[in-house]
Every structure is written in C-alpha cells, then in structure tokens.
Amino acid sequence: IMAAAIPLGAFIYGAIRNAYNYQFRNVPLSFANLPAAFDGFKIVQISDIHSGSFTRTEPIQEVIEKINALNVDLILFTGDIVNNVADEMLPYKQVFNKLRAKHGVMSITGNHDYGDYAPWNSVEEKKDNFRRLVQTHKDMGWDILMNENRLIEKDGEKIAVLGIENWGAKMHFPKYGKMELAHAGTENIPFKLLMSHDPSHWDAQVRSLYPDIDLTLSGHTHGFQFGIDNKFFKWSPVQWAYRQWAGLYQEGKQFLYVNRGFGFIGYPGRIGILPEITVIELKKA
C-alpha cells in the first residue's frame, strides 16, 4: 500500500500544484556577431500552450501579467497552441492577446496545430480547421511566420527572426517546414534566430545545412512532464527519444534552447519538469 501511495501522491500533487506552477528561467547568451545595437535585447519564449487541456484561467492571466511586467523586446511562441482543434483556443484568445513586447509577438505552428490527431469528416473540414487556427494567431495580434522571416531593425542594425512550420525528424512527425523559404533574403543579416517547434530539426537539418543560424528556439518535448530537473541532475524518459529535450545546448557557435512547455497534454499536470517561461538576453561578446 505504501509503495502504491507514493507514486499516486506524486501524480495528485503534480496535477493540483504543478500544472500552473510557471518557472521563469533566465538564459543570457553571448554572440560575437550580434550587432552592437542589440546588446541586451531581451526575448521571452513560450511554447506548447495546448489550450484544449486547460481547466483554469486565473493562473494564466497572472503569468501573462508577469511576462508583460518584464517589458521585454520580443515575445516568441514556438508552436502547439491547441491539442487538435482550433476552437480550443476560443476561451483563451482574450487572455493571450494581452501579451505585449516592444517588437510584438511572433509565432509558429507545432505538430498538434494541424489536426493530424483528430477525426475529420472531410479533407476540407481539416483544412478549414487549420485556416481558423492561423487566423486565431492573427486575431490575437501575433505575427505568425509560415516558412517566413522578419527583420528587426534597431539603430540602423538588423537581426533576422525565421519561423518555419513543424519539421520533425523523429517518430514520423510531419515535415511541413521549408527552411529554404524561411532563410531566403537573410543571407546578409549578421545574426539569425530560428523558431522551429521540434528540436530534432536542429541536428537533422539546421546545423548541417544552415550554419549561419545562431540560435534555434524549440519546444515540443514538454520534458515529458515527468523527470528530475535541478542544477545537479537532469533526467526524463524523453531523453531516450530526443538528444536535446530541455534547456540549452551548444554545438560550435550554434545554440539550441528547448522550452519545457507552457501547458500540458495527456496527464493534466507535471512531476519534476515544471512549466516554463524562458527569458533570453542576447549579449554582444
């Protein structure tokens, strides 16, 4: 009985106390090629909202107020706004549309945003769901990047933000993203940041074919919503499937940051791997 009570208690605690226990993680990153005008440029990354799983609104409103209080330069959302259906976001549009940053909110799609895991009466019904989902981003004032890029200018200098549709190299996840389109026109921009939902994309394509991508931001794994995550030790079952699954990774001059996720899916909580708001500060090396 005692052996059964311990994991049961952990799962109950994870659902009641940790589902909305948002952790702000500060990540300073230095780059020699960062334009001087962007020294100190602050970015908030959120990922994997999964609005269809929410049961409460108040803690979401509170964390959005905390994000806005940071007065950051840019907010980036790296995919999975719903579980399957665009209408899951309807009760929360008036909550997330309050996110504010000096250069606005930019976003991309994740694997759950295409309705691939839900039954549809027709192909057209599924396509219409995706059209409504993209429109939801726009209705909230988010600039959704569909294999596109945006240039941010400050004091006459520029950086590029690239965003692609979902591109996964693991477990038959779809490859909707087209890097060649997102990258086009940024060749002469000294610093490039990529939003790509699935972190397996980094090893499979970004590092080998696009060495000029300085920083990639991903989500997708949720850290499995279960594991051990502290300054001494980091472990989760998801690491058996993903080499990069939570936090910061570096290969040469390129960085990848994998956000642990804002929401949850399946199990309505978290054990050890808490929901995350990432605060990234770009520094001139």
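Keep in mind the model is a prediction, meaning the values are calculated, not measured.

Looking at the packing of aromatic side chains
Thinking step 1. Applying the stated criterion across every chain yields a total of 16 aromatic pairs.
Thinking step 2. Note on Y22 and F262: the rings are 4.5 Å apart at their centroids and 35° apart in plane angle, and the pair reads as tilted. Taken together, the positions of Y22 in the loop between α1 (2-16) and β1 (23-31) and F262 in the loop between β13 (254-258) and β14 (276-284) put the pair 240 residues apart, joining distant regions of the chain.
Thinking step 3. Judged by its relative accessible area of 12%, Y22 is buried.
Thinking step 4. Overall, F262 belongs to the buried group, its relative accessible area being 1%.
Thinking step 5. Plain terms: the ring middles of F77 and W142 are 5.5 Å apart, the flat faces sit at 50° to each other, and that makes the pair tilted.

Thoughts on the pairing of strand β8 (residues 192-195)
Residues in a regular strand project their side chains so that they alternate between the two faces of the sheet.
Thinking step 1. Alternating residues of β8 divide into K192 and L194 and L193 and M195, and every residue in both groups is buried.
Thinking step 2. In terms of strand pairing, β8 meets strand β9 (residues 215-218) through 3 bridges, oriented parallel. Residue pairing for β9: M195 is matched across the bridge by L217.
Thinking step 3. Tracing the backbone out of β8, into helix α6 (residues 200-209) and back to the parallel element β9 gives a crossover that is right-handed.

Quick word on α6
Thinking step 1. S200, H201, W202, Q205 and V206 are the residues of α6 that are buried. For α6, the arc enclosing every buried residue in end-on projection is 165°, short of the 170-degree limit, so these residues lie on one face.
Thinking step 2. Check the buried side of α6 and you find it contacts α5 (179-183), β8, β9, β12 (247-251) and β13.

A look at the sheet that holds strand β4 (residues 105-108)
Thinking step 1. One open sheet holds the 6 strands; their spatial order is β1-β14-β2-β3-β4-β5, and the pairing between them is mixed. The open sheet terminates on both sides in strands that have one partner only, identified here as β1 and β5 (143-144).
Thinking step 2. With 5 bridges connecting them, strand β2 (residues 41-46) and β14 associate as antiparallel partners. Its bridge partner being in β14, Q45 is matched across the sheet by T278.
Thinking step 3. Sitting on the sheet, helix α2 (residues 58-69) touches β1, β2, β3 (74-78) and β14, and the angle it makes with β1 is about 30°.

Thresholds, definitions, all that
Residues numbered from 1 in each chain as written. Predicted model: local features only at pLDDT ≥ 70, side-chain atom pairs only at ≥ 80, totals over all residues. Heavy atoms only, no water. Phe/Tyr/Trp six-rings, centres within 6.5 Å; stacked < 30°, edge-to-face > 60°. Helix = DSSP H or I, 4+ residues; strand = E, 2+ residues; numbered from the N terminus. Buried < 20%, exposed > 50% of the residue type's maximum accessible area, 1.4 Å probe, protein only. Pairing = 2+ DSSP bridges. Right-handed = clockwise from strand over helix to strand, strands pointing away. Arc of directions from axis to C-beta. Contact = heavy atoms within 4.5 Å. Axes fitted to C-alpha atoms, helices over the stretch in contact; angles between N-to-C directions.

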